[in-house]
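An overview of the molecular structure
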Amino acid sequence: MLVVMEHGASAADVDRVCAVVKELGYEARPMPGAQRTAVGIVGNDGRIDASRLAALPGVVQIIHVTQPYKQVSREWRAEDTIVTIAPGVSFGGNEVPIIAGPCSVESEEQIVESARIVKEAGGTALRGGAFKPRSSPYAFQGLGKRGLELLALARRETGLPIVTEAMDDEGAHLVAEMGDCIQIGARNMQNYSLLKTVGRLGKPVLLKRGMAATISDLLLSAEYILSEGNPNIILCERGVRSFDPAARNLLDLTAIPIVHRLSHLPIIADPSHGTGLRDKVTPMARAALAAGADGVIIEMHPNPDRALSDGAQSLYPDQFRALVEELRAVAVAIGRRVTAAPASEEGKEPDRILSSGTAHRVVGKH
Ligand code: PEP
Ligand code: MN
């Protein structure tokens, strides 16, 4: 439930509403907006007596949030949330970042070379898994903490912020310390204790859609993170399982405008896992941007034929360079712009923790 205050409501009016909400046994979240303040009520299971609040001075309207998810909904917050993972790299605004890199961090040479290719081609951020959720326990599991150290090295060389996956609490703390954005993979989208942990860490989170998750399931998982106090969530459409083996997954691009209508959170697309085949990645990346995605995440490997994971869907460096050019053109055609990479941080501390936060976007997208 949301209590909307009058345009000129005083701070005392807002305080009084919060006090009554607390008295009723719920938590009040005042949210000052451009036009007026709203007070969100957390923990409302439907039994709250709205008439007590409606009669208070300064209250103009009571809105019942009809969706099972509350704080991620557009009803709760009308303005788009902008998630900043590093200075100049934001999701949900007019600019669209391109995250790219290999599926897994394999060696110093491989990740540093990948980062250089991404940077020179015009990509914005570096991906690469140090902790790998593999379907088989016998497949390459990632380099673990050493992989994070190599990512930090690649960031120092190129300035590209790091997006990398965590699979458990310990990994989440490590990624929060050494990376810029914690990826929660499809297989962990409903790992609720991990979602609570990253909610408490406050670091930006890239939350991927589960293979058999509905859009409502995805938004409820995001709600877990937000309800722990972390609003820095970037959603990611990465395809769902389908009956058709022609592609690895069915990349659901309809999810992008649907999420934009239902939620204020940004959503990006992953056409690499969404298709599983490198010749399908470029057309679907173009389509994702055209559909309104707030960014893309692309697997690119300096030598895909020798990749330790997901080689078949990894672009060759030349294909990635061509893709960035095409995405720039698509972005311009819809009044947006691909985000330039931040300047190199060579000479700076590799393990600094970057600030993050939310802001209101200026240009509408839906
Ligand atoms: C990945 O990004 O390499 C990955 C494992 O993705 P997903 O969780 O979408 O399968
Ligand atoms: Mn992969």
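Heads up: the structure comes first, above all this text.
The text that follows walks through the structure, step by step, so that each part is easy to find. Worth saying up front: this structure is predicted, and the values here are computed from it rather than measured.

1. Examining the nonpolar core
Formed by 69 residues in total, the largest nonpolar core has its most connected members in Leu126, Leu207, Leu235, Ile298 and Phe320. What Ile298 contacts, discounting residues up to four positions off in sequence, is Ile99, Ala100, Gly101, Arg127, Pro271, Ser272, Val281, Ala285, Leu315, Phe320 and Leu323. If you look at the next biggest cluster of nonpolar residues, it comprises 18 residues, including Met5, Val21, Val39 and Leu53.

2. Some remarks on the packing of helix α4 (residues 145-158) against helix α5 (residues 169-178)
Helix-helix packing: each pair is described by the crossing angle between the helix axes and the interaxial distance. Axis separation between α4 and α5 bottoms out at 10 Å; the angle between their running directions is 15°. Here α5 runs roughly parallel to α4, going by the angle between their axes. Viewed along their axes, α4 and α5 form a crossing whose handedness is right-handed. The segment α4 lies against α5, with Lys145, Leu148, Glu149 and Arg155 engaging Leu174, Val175 and Met178. The class makeup of the residues in the contact of α4 with α5 is 4 nonpolar, no polar and 3 charged.

3. Focus on empty space enclosed by the protein
Tallied over the entire structure, the rule returns 1 cavity of 30 Å³ or more. Empty space within the largest cavity amounts to approximately 40 Å³. Considering every element that reaches the lining of the largest cavity, the biggest residue donor is strand β10 (residues 162-165), with 3 residues. Classifying every residue of the lining of the largest cavity by side-chain character gives 2 nonpolar, 4 polar and 3 charged.

4. Some words on the sheet that holds strand β4 (residues 59-63)
Reading across the sheet, the 4 strands line up as β2-β3-β1-β4 and stay open at both edges, with antiparallel pairing between neighbours. Across the chains shown, the open sheet's two edge strands, defined by having one partner strand only, are β2 (27-31) and β4. If you compare each strand with its neighbour and ignore which way they point, the axes differ by 20° on average. For strand β1 (residues 2-5) and β4, the ladder comprises 4 bridges, and the chain directions are antiparallel. What sits directly across from Val4, in β4, is Gln61.

Rules used in this analysis
- Residues numbered from 1 in each chain as written.
- Chains lettered and ligands numbered in written order.
- Predicted model: local features only at pLDDT ≥ 70, side-chain atom pairs only at ≥ 80, totals over all residues.
- Heavy atoms only, no water.
- Core = buried A, V, L, I, M, F, W, Y, C linked by side-chain atoms within 4.5 Å.
- Buried < 20%, exposed > 50% of the residue type's maximum accessible area, 1.4 Å probe, protein only.
- Contact = heavy atoms within 4.5 Å.
- Axes fitted to C-alpha atoms, helices over the stretch in contact; angles between N-to-C directions.
- Helix = DSSP H or I, 4+ residues; strand = E, 2+ residues; numbered from the N terminus.
- Parallel < 35°, antiparallel > 145°, perpendicular 65-115°, else oblique.
- Left-handed = near helix turned anticlockwise from the far one by under 90°.
- Nonpolar A, V, L, I, M, F, W, Y, C, P; charged D, E, K, R; others polar.
- 1 Å grid on protein atoms, 1.4 Å probe; cavity = no way out; pocket = protein on both sides within 12 Å on 5 of 7 lines; lining within 4 Å.
- Points joined across faces, edges and corners; volume = space filled by probe spheres on them.
- Pairing = 2+ DSSP bridges.

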